[in-house]
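So you can see what is in the structure, the chains are spelled out below.
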There are 2 protein chains.
Amino acid sequence: MGVLRKTKHLEHVLQAFRQSSDALSAGMLLDALANEINKSTVYRMLQKLEDDGVIHSFLTMDQIRFYALCKGCSSGRHVDTHAHFQCTSCKRVSCVSEEIVLPTPGRSRITSAQVLLTGQCESCLS
Amino acid sequence: MGVLRKTKHLEHVLQAFRQSSDALSAGMLLDALANEINKSTVYRMLQKLEDDGVIHSFLTMDQIRFYALCKGCSSGRHVDTHAHFQCTSCKRVSCVSEEIVLPTPGRSRITSAQVLLTGQCESCLS
DNA sequence: TGCGTTGTCGCAACCGAGTTGCGTTAATTT
DNA sequence: AAATTAACGCAACTCGGTTGCGACAACGCA
Ligand SMILES: [Mn+2]
Ligand SMILES: [Mn+2]
Ligand SMILES: [Zn+2]
Ligand SMILES: [Zn+2]
């Protein structure tokens with residue numbers, strides 16, 4: 001599966017995640033690092049970081065994948081499952097720390113869940 | 001916003017939903033009505049049916065929109081919010097009737113939620 | 001410090017779900 | 001039957017994301 005090399009682009013991307021309290025999309029990263037980094041590179045980097053358990057991803061209502069730093073995950077073992085929230089006003093996306101109790105429909109076996117909440121965030125309400 | 005006309009294609013699509021206990025995607029409908037109906041027509045029809053409160057839609061893990069019949073919804077007022085489930089083996093998608101208790105992150109105001117469960121369905125487990 | 005290995009990069013072409021503009025067809029209204 | 005207008009087929013398009021490939025650079029080791 002390969003070793004993760006410490007390259008300039010990787011540092012920039014990781015720094016973007018650490019500096020942001022929100023989740024980020026590939027497009028937002030491309031805008032932030034305008035013309036400094038190629039589209040394919042960003043997507044490949046995000047995929048590898050997710051495989052390695054450094055970040056996790058999820059989809060928003062408008063079918064765009066967002067990414068955020070993991071806590072306590074490792075290669076191939078994602079354990080920090082939680083809900084995500086997108087504000088309909090400012091469009092910002094964030095992780096929700098509160099735990100969620102999920103049902104087991106019928107006699108099926110649930111192995112993962114994606115929960116996306118939408119509404120207005122604290123700062124957009126005031 | 002226009003009146004809903006009773007056309008042959010519409011009858012076929014509604015019949016497909018009534019005959020299926022699963023949720024359906026635009027692609028699945030196109031396959032079912034092979035070459036009998038155009039891609040744009042299906043998408044436009046699904047959008048209108050959703051606007052009119054006849055069907056509701058949601059996204060699966062692989063970013064494909066699925067649709068299912070509503071219960072008790074009307075034009076512009078969708079009230080039958082519930083979770084959805086996709087089997088990782090047979091890929092089939094269905095609605096989950098059980099209610100789910102969701103958290104309210106911080107002081108934000110949640111107006112809608114999408115919950116997608118994945119795992120193995122009853123028939124794929126046996 | 002020099003060199004080989006191999007992961008990463010940029011580029012350009014591609015993919016596929018979904019959208020759109022437009023001229024035509026057909027369901028509904030009169 | 002004629003007028004109205006929603007629904008249709010077609011083709012071109014959008015856009016988030018992928019892929020093949022040759023060039024480049026991070027890393028391990030001598
Ligand atoms: Mn998260
Ligand atoms: Mn449903
Ligand atoms: Zn906001
Ligand atoms: Zn199944």
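Our subject is the structure listed above.
Along each chain, residues carry numbers from 1 onward, in the same order as the chain's sequence is written. Each chain is given a letter, starting from A, and each ligand a number, starting from 1, according to the order in which they appear as written. Local features in a predicted model are, by the rule used here, given only for residues with pLDDT of at least 70; side-chain atom pairs are given and counted only at 80 or more, and totals for whole chains, interfaces and linings are based on all residues. The side-chain numbers reported here are obtained from all heavy atoms of the structure, hydrogens and water having been left aside.

Here the focus is the overall build of chain A. A run of H or I in DSSP becomes a helix once it reaches four residues, and a run of E becomes a strand once it reaches two; helices and strands are each numbered from the N terminus. Secondary structure summary: chain A contains 4 helices and 6 strands in total. Overall, chain A shows an N-to-C arrangement of helices and strands of α-β-α-α-β-β-β-β-β-α. Taken along its principal axes, the extent of the C-alpha atoms in chain A is 45 × 40 × 25 Å. Each residue gets one of three labels from its accessible area relative to the maximum for its type: buried under 20%, exposed over 50%, partly exposed in between, using a 1.4 Å probe on protein chains only. Burial status across chain A gives 40% buried among its 126 residues. Look at the contacts in chain A between residues 6 or more apart in sequence, and 53% of them connect residues 24 or more apart. Per element, the accessible surface of chain A, about 7500 Å² overall, is 48% carbon and sulfur. When charges are counted, Lys and Arg contribute as positive and Asp and Glu as negative, whereas His and the chain ends are disregarded. Throughout, a charge is located at the NZ atom of Lys, the CZ atom of Arg, the CG atom of Asp or the CD atom of Glu. Distance between charge centroids for chain A: 7 Å, based on 14 positive and 12 negative side chains. Only heavy atoms matter for contacts: two residues are in contact if any of them lie within 4.5 Å across the pair. Per-residue accessibility takes into account occlusion by the displayed protein chains alone, with areas from the Shrake-Rupley method and a 1.4 Å probe.

Turning our eyes to something else, we now look at the coordination of the zinc ion (ligand 3). Ideal geometry at a metal gives 109.5 degrees between four tetrahedral donors and either 90 or 180 degrees between six octahedral ones. The donor definition counts N, O and S atoms within 2.8 Å of each metal and applies 3.2 Å to Na, K and Ca; water is not among these atoms, so some sites may look incomplete. Coordination of the zinc ion (ligand 3) by the protein is provided by A:C87 (SG), A:C90 (SG), A:C121 (SG) and A:C124 (SG), with metal-donor distances spanning 2.2 to 2.5 Å. All geometry calls rest on donor angles, where a four-donor set with angles between 85 and 135 degrees is tetrahedral, four- and six-donor sets with opposite donors more than 155 degrees apart and all others between 65 and 115 are square planar and octahedral, and all else is irregular. One way to put it: the 4 donor atoms around the zinc ion (ligand 3) meet at angles of 102 to 119 degrees, and that makes the site tetrahedral.

Residue and element names in this part refer to chain B. Taken together, the protein donors to the manganese ion (ligand 2) comprise H56 (NE2), H82 (NE2), H84 (NE2) and C95 (SG), at separations of 2.0 to 2.2 Å. Every donor residue of the manganese ion (ligand 2) comes from the same chain, spaced as H-x25-H-x1-H-x10-C. You can see H56 sitting in strand β2 (residues 55–59) and its partner C95 sitting in strand β5 (residues 93–96), a full 39 residues away along the chain. Classification of C95 as partly exposed rests on a relative accessible area of 35%.

With that out of the way, let us pick up the sheet that holds strand β2 (residues 55–59) of chain A. All names here are of chain A. Pairing between strands requires that DSSP locate at least two bridges from one strand to the other. Taking strand neighbours across the sheet as the criterion, the 3 strands line up as β1-β3-β2 in an open arrangement whose pairing is antiparallel. The open sheet terminates on both sides in strands that have one partner only, identified here as β1 (24–25) and β2. Across 2 bridges, the pairing between β1 and strand β3 (residues 65–69) is antiparallel. Paired with S25 across the strands is F66, a residue of β3. A fitted line through C-alpha atoms represents every axis, and for helices the fit uses only the stretch in contact; the resulting angles, taken between N-to-C directions, go from 0 to 180 degrees. This element, helix α1 (residues 8–19), spans β1, β2 and β3 of the sheet and lies at about 80 degrees to β3.

On to the packing of aromatic side chains. Residues and elements named next belong to chain A. Stacked, edge-to-face and tilted are the three classes for Phe, Tyr and Trp ring pairs, Trp counted by its six-membered ring, which pair at centre distances within 6.5 Å; planes under 30 degrees apart are stacked, over 60 edge-to-face, the rest tilted. One pass over the full model with this rule turns up 2 aromatic pairs over all chains. Ring geometry for F58 and F66: centres 6.5 Å apart, planes at 25 degrees, overall stacked. Judged by relative accessible area, F66 falls into the buried class, the value being 6%.

It is worth spelling out the protein's contact with DNA strand D at this point. Being near a molecule or strand, for a residue, comes down to having at least one heavy atom within 4 Å of it. Neighbouring residues of DNA strand D: 18 residues in total, closest A:K39, A:S40, B:T41, B:R44 and B:K48. Protein-proximal atoms of DNA strand D, defined as those within 4 Å of the protein, fall in sugar or phosphate at a share of 55%. In protein, a polar contact means a hydrogen-donor-capable atom and an acceptor-capable atom, both N or O and within 3.5 Å, with residues adjacent in sequence counting only if both atoms are side-chain atoms; elsewhere, any N or O pair within 3.5 Å suffices. The side chain of A:Y43 places a nitrogen or oxygen atom 2.9 Å from a phosphate oxygen of DNA strand D. For DNA strand D, a phosphate oxygen lies 2.5 Å from a polar atom in the side chain of B:T41. Contributing elements (two or more residues each) for the surface near DNA strand D: α3 (39–51) of chain A together with α3 (39–51) of chain B.

Our next topic: the interface of chain A and chain B. Contacts between the two partners involve 32 residues from chain A, matched on the other side by 32 residues from chain B. A carboxyl oxygen of Asp or Glu within 4 Å of a side-chain nitrogen of Lys or Arg is what we treat as a salt bridge. At the boundary of chain A and chain B, one finds 2 salt bridges. Counting every contact that joins chain A to chain B gives 10 residue pairs in polar contact (both at pLDDT 80 or more). Among the elements of the structure, β6 (109–120) and α4 (122–125) of chain A are those that each provide at least two residues to the side of chain A that touches chain B. The element contributing the most residues to the side of chain A that touches chain B is β6(A), with 12 residues.

Residue and element names in this part refer to chain A. One less than the residue count of a helix, multiplied by 1.5 Å, gives the span that helix is expected to have. For α3, which comprises 13 residues, the first-to-last C-alpha distance of 19 Å matches the rise-based estimate of 18 Å (1.5 Å per residue) to within 8%. Those residues of α3 lying buried are V42, M45, L46 and L49. One side of α3 carries all its buried residues, which in axial view fall inside an arc of 100 degrees. Facing away from the buried side of α3, by more than 90 degrees, are the exposed residues R44 and Q47. Taken together, the buried residues of α3 touch α1, α2 (26–32), β2 and β3. Capping the start of α3, N38 holds a side-chain oxygen 2.9 Å from the backbone nitrogen of S40, two or three residues further along. One or two residues past the end of α3 sits G53, with phi positive at roughly 80 degrees. Here the arc refers to the directions that run from the helix axis out to each C-beta atom.

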